[in-house]
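Read off the chains here:
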Amino acid sequence: MTTSSRGAHRTPAVLVLEDGRIFRGRAYGAVGATFGEAVFSTGMTGYQETLTDPSYHRQVVVMTAPHVGNTGINDEDMESKKIWVSGYVVRDPARVPSNWRSTRSLDEELTAQGVVGISGIDTRALTRHLRERGAMRVGIFSGQALPDEGTMLAEVRQAPEMSGADLSAEVATTEAYVVPAIGEKKFTVAAVDLGIKGMTPHRMAERGIEVHVLPATATVDEVYAVEPDGVFFSNGPGDPATADHPVSVMQGVLERGTPLFGICFGNQILGRALGFGTFKLKYGHRGINQPVQDRTTGKVEVTAHNHGFAVDAPLDQVSDTPYGRAEVSHVCLNDNVVEGLQLLDRPAFSVQYHPEAAAGPHDAAYLFDRFVKLMEGQRA
């Protein structure tokens, strides 16, 4: 159910957390009811990329920046073909967008895609609540979908949890496609789409890589049918503990010794493939200002994140795995969460964050160059 953006601003809306806390505001975007996991993003810009990142599937995103929608919506900054968030929460939406690239308002785009949101609530108080209590299920209700508080709370508590959710196949491509190299072709990469962002194959294409994007259900044989010089595992939504198929495919790649690079969900897949466990973070890392140290160089990077799960691997020792020695290559300086893994005896590494950085800092762009060097070394 949708309504016009002007009408939505006058429509009452209620946000209900599964622990019973309630926030009242106004509808923003579509009017109706929606459910998901409440998470917060600390980015002050790049909301369009956040909305269209498939990793946010089944999540209600709370923006910590108070003013959202200032630059409107354009058709160039989409990371996929649609908005994936299940709900959107902002404090003070822009009344009129102002940017030379804008073609429509954020409110209009949310309405057109049926994304239920809420505005005019204290997002700072909501963020503090989620930091203290942890990410949890949430519902947003507006218009005719606005029942009594007891009914709303019961519906929120009936919604599925993120733990145990297997979501990659819901957001991944169903048909393989190719992103051609820009300029001279140097390498071929098979990219397993677990929820890939559009900027990721573009960053590889800029380096002379022809990227074959494959469905999440791709087999080892299908990966090697493209005769890849390297294999890439993308970001994506859901609980890595459910991702048995991608783990088995990655193990097949590790057995063959093909250069391998994973980001975000791909980092968790590598952790599982090496025999490490994964766990759910209390409230996760989401935003474009997370400090990470690259332990291989000592460099500190400001990085873009979107993850609610992490790898459980020892920080200060080299681990023996079925594929040789492995170590933690990157660590979050806020909470010591594992942010990267690398094998010492095979050409494979991963990071938990987003080096394609759209939107965000470009501190981690070198990781694509590191992938290229692995493929160069293998070819030599």
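Because the structure is a prediction, the values reported are computed rather than measured.

Okay, the UniProt feature "domain: Carbamoyl-phosphate synthase small subunit N-terminal" (unreviewed entry) in the chain next. UniProt tags residues 11–141 as "domain: Carbamoyl-phosphate synthase small subunit N-terminal" (unreviewed entry). This span, residues 11–141, is 18% helix and 34% strand, and a straight line between its end C-alpha atoms measures 10 Å.

What follows is about the sheet that holds strand S6 (residues 87–89). With mixed pairing, 7 strands are arranged side by side around a closed barrel as S1-S2-S8-S6-S4-S3-S9. Taking each pair of neighbouring strands and ignoring which way they run, the sheet shows an average axis angle of 35 degrees. Of the strands in this sheet, strand S1 (12–17), strand S2 (22–29), strand S3 (33–41) and strand S9 (136–142) touch helix H5 (residues 149–158), which is tilted by about 135 degrees from S9.

Attention now goes to the UniProt feature "binding site: L-glutamine" (unreviewed entry) in the chain. UniProt feature "binding site: L-glutamine" (unreviewed entry): in the numbering of this structure it lies at Ser-55, Gly-236, Gly-238, Phe-265, Gln-268, Asn-306, Gly-308 and Phe-309. Spatially, the listed residues are clustered: although they cover 255 residues, their C-alpha atoms lie within 13.4 Å of one another. Mapping Phe-265 onto the fold places it in helix H10 (residues 265–273). Not counting the four nearest positions on each side in its chain, Phe-265 is found in contact with Ser-168, Leu-194, Ser-234, Asn-235, Gly-236, Pro-237, Gly-238, Asp-239, Pro-240, Ala-243 and Gln-352. Checked against the element boundaries, Phe-309 lands in strand S16 (residues 299–312). Setting aside its immediate chain neighbours within four residues, Phe-309 contacts Met-162, Ser-163, Gly-238, Asp-239, Pro-240, Gln-268, Phe-279, Lys-280, Leu-281 and Gln-352.

Right, let's talk about the packing of helix H9 (residues 244–256) against H10 for a bit. The N-to-C vectors of H9 and H10 enclose an angle of 70 degrees; their axes lie 9 Å apart at closest approach. In terms of their interaxial angle, H9 and H10 are classed as roughly perpendicular. Facing H9, whose interface residues are Asp-244, Pro-246, Val-247, Met-250, Gln-251 and Leu-254, H10 presents Gly-266, Ile-269, Leu-270, Arg-272 and Ala-273. For the contact of H9 with H10, a count of residues per class yields 7 nonpolar, 2 polar and 2 charged.

Averaged over all residues, the pLDDT of the chain is 94; the fraction at 70 or higher stands at 97%. Note on residues 1–8: pLDDT is under 50 here. Beyond four places in sequence and across chains, it has 16 contacts.

Notably, Glu-227 is not glycine yet its phi reads approximately 55 degrees, a positive angle. The residue Asn-336 is not glycine, and still its phi comes out positive at about 65 degrees. Among the structural elements, Asn-336 can be located in the loop between strand S18 (324–332) and strand S19 (338–343).

Conventions we followed
- Residues numbered from 1 in each chain as written.
- Predicted model: local features only at pLDDT ≥ 70, side-chain atom pairs only at ≥ 80, totals over all residues.
- Heavy atoms only, no water.
- UniProt positions renumbered as here; feature names shortened; annotations may be inferred.
- Helix = DSSP H or I, 4+ residues; strand = E, 2+ residues; numbered from the N terminus.
- Pairing = 2+ DSSP bridges.
- Axes fitted to C-alpha atoms, helices over the stretch in contact; angles between N-to-C directions.
- Contact = heavy atoms within 4.5 Å.
- Parallel < 35°, antiparallel > 145°, perpendicular 65-115°, else oblique.
- Nonpolar A, V, L, I, M, F, W, Y, C, P; charged D, E, K, R; others polar.
- pLDDT = per-residue confidence, 0-100.

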